[in-house]
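Residue-level structural notes
As a plain string of letters, each chain reads:
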Amino acid sequence: AQTVTQSQPEMSVQEAETVTLSCTYDTSENNYYLFWYKQPPSRQMILVIRQEAYKQQNATENRFSVNFQKAAKSFSLKISDSQLGDTAMYFCAFMTLNYGGATNKLIFGTGTLLAVQP
Amino acid sequence: ETGVTQSPTHLIKTRGQQVTLRCSSQSGHNTVSWYQQALGQGPQFIFQYYREEENGRGNFPPRFSGLQFPNYSSELNVNALELDDSALYLCASSLGGTAINQPQHFGDGTRLSIL
């Protein structure tokens, strides 16, 4: 069974600084996706960034980038130039790559609450 | 493009009652997944519907059931409610089948409280 572990329940960063959120996962699969989702107090789960396991290049989306270490099963999120609007719960998630209409379910970690301080 | 919408926003029930939660998928999406998020936890997969058929289920008892309609909207039904069913219920839609690399888009959730 796949598991996702986020070992930092809470983190704090000053506005304009850089912060890194950690995530490790366990799987015997070779083809899968990894995601970071953001959940602000408004509750909606928003996709921040995703990484395909077969791609060696780390994904980037503007101020958000990942450090994907497949052998170590590590998937950290780096937020550069932190903004007040980045304050939210961040979830790391895993999804096995299934073909032919098989279930594509997300497995989430327990989340990291990030507070950006002015 | 219309996003994922869920109703109601909040709901209060008592133990033993039954509840129905509703989800309208994003335009063009044919797959709906339901998740339960207890307070302070990550979402847990309940089940997924693809083209009106259940397409995978998590570790939830049979009193959690669902439907998907021809327009791909979906319902989550929970019978014999228990205190531990208090949670945020999230619906996510995606384009399934062979389009397996499409991300899941979430609604705002329904907050269910059991008294």
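My aim in this report is to walk through the structure given alongside it, one point at a time. Worth saying up front: this structure is predicted, and the values here are computed from it rather than measured. (Residues numbered from 1 in each chain as written. Chains lettered and ligands numbered in written order. Predicted model: local features only at pLDDT ≥ 70, side-chain atom pairs only at ≥ 80, totals over all residues. Heavy atoms only, no water.)

1. A few points about the pairing of strand E7 (residues 64-68) of chain B
Residues and elements named next belong to chain B. Keep this limit in mind: Note on classification: 1.4 Å probe, protein chains only; a residue is buried when its accessible area is under 20% of the maximum for its type, exposed when over 50%, partly exposed between these limits. Helix numbers and strand numbers start at the N terminus; a helix is a DSSP run of H or I with at least 4 residues, a strand a run of E with at least 2. Only strands joined by at least two bridges in the DSSP assignment are considered to pair.
Alternating residues of E7 divide into Phe-64, Gly-66 and Gln-68, all buried, and Ser-65 and Leu-67, none buried. The pairing of E7 with strand E8 (residues 74-78) spans five bridges and is classified as antiparallel. From the neighbouring strand, Gln-68 faces E8, where its bridge partner is Ser-74. If you look at the hairpin formed by E7 and E8, you'll find five residues sitting between the two strands, and Tyr-72 has a positive phi there, around 75°.

2. Considering the interface of chain A and chain B
Short version of the rule: Contacts: residue pairs with any heavy atoms within 4.5 Å of one another. Summed over both partners, the accessible area (1.4 Å probe) lost when two parts come together is defined as the buried area. We define a salt bridge as a contact between a side-chain nitrogen of Lys or Arg and a carboxyl oxygen of Asp or Glu at a distance within 4 Å. Nitrogen and oxygen atoms within 3.5 Å of one another constitute a polar contact, given that in protein one can donate a hydrogen and the other can accept it, and given that sequence-neighbouring residues count only through two side-chain atoms. Nonpolar residues are Ala, Val, Leu, Ile, Met, Phe, Trp, Tyr, Cys and Pro. Charged residues are Asp, Glu, Lys and Arg, and all others, Gly as well, are polar.
Contacts between the two partners involve 22 residues from chain A and, on the opposite side, 26 residues from chain B. For the pairing of chain A and chain B, the buried interface totals around 2,000 Å² over both sides, and the portion due to carbon and sulfur atoms is 51%. Across the contact surface, chain A and chain B share zero salt bridges. Here chain A and chain B share seven residue pairs in polar contact (both at pLDDT 80 or more) between them. Only strand E5 (32-39), strand E6 (46-52) and strand E10 (88-96) of chain A provide two or more residues apiece to the side of chain A that touches chain B. Looking at the side of chain A that touches chain B, the element that brings in the most residues is E5(A), giving three residues. Considering only residue class, the side of chain A that touches chain B consists of 11 nonpolar, eight polar and three charged.

3. Comments concerning the packing of aromatic side chains
Convention followed: Stacked, tilted and edge-to-face are the three classes applied to pairs of Phe, Tyr and Trp rings, where Trp contributes its six-membered ring and a pair requires centres within 6.5 Å; stacked means planes under 30 degrees apart, edge-to-face means over 60, and tilted covers the rest.
Per the stated rule, a full pass over the model turns up 16 aromatic pairs over all chains. Taking 5.4 Å as the distance between ring centres and 65° as the angle between the ring planes, the aromatic pair formed by A:Tyr25 and A:Tyr32 counts as edge-to-face. For A:Tyr25, a relative accessible area of 5% puts it in the buried group. Looking at A:Tyr32, the relative accessible area reads 3%, which means it is buried. Consider the rings of A:Phe108 and B:Tyr35, whose centres lie 5.8 Å apart with planes at 90°: the pair is edge-to-face. With A:Phe108 in strand E11 (residues 107-108) and B:Tyr35 in strand E4 (residues 31-37), this pair bridges two chains. As far as the burial class goes, A:Phe108 and B:Tyr35 line up, both buried.

4. Considering the pattern of salt bridges
All chains considered together, the criterion is met by seven salt bridges over all chains. A salt bridge links A:Glu52 to A:Lys55; the nearest nitrogen and oxygen atoms lie 3.9 Å apart. The class of A:Glu52 is buried, set by a relative accessible area of 11%. A salt bridge links A:Asp86 to A:Arg63, with the nearest nitrogen and oxygen atoms 2.9 Å apart. Here A:Asp86, found in the loop between strand E9 (74-79) and E10, pairs with A:Arg63, found in the loop between strand E7 (60-61) and strand E8 (64-69); they are 23 residues apart in sequence, far enough to count as distant. Accessibility expressed as a relative area gives 3% for A:Asp86, which makes it buried. A network of salt bridges, in which partner residues are shared, links B:Arg63, B:Glu82 and B:Asp85.

5. Describing the state of the cysteines
Our working definition: A pair of cysteine sulfur atoms is labelled a disulfide when the two atoms are within 2.5 Å.
One pass over the structure, following the stated rule, counts two disulfides over all chains. With a sulfur-sulfur separation of 2.0 Å, A:Cys23 is cross-linked through a disulfide to A:Cys92. Its torsion about the S-S bond being -70°, the disulfide of A:Cys23 and A:Cys92 is classed as left-handed. Of this pair, A:Cys23 sits in the loop between strand E3 (19-21) and strand E4 (24-26) while A:Cys92 sits in strand E10; the two residues are 69 residues apart in sequence, bridging distant segments of the chain. Of the two residues, A:Cys23 and A:Cys92, neither departs from the other in class, the shared state being buried. Each disulfide pairs two cysteine sulfurs, and for B:Cys23 the partner residue is B:Cys91, the sulfurs being separated by 1.8 Å. Because the sign of the S-S torsion sets the handedness, a value of about -60° for the bond joining B:Cys23 and B:Cys91 places this disulfide among the left-handed ones.

Function-wise, these values are silent; they only describe arrangement.
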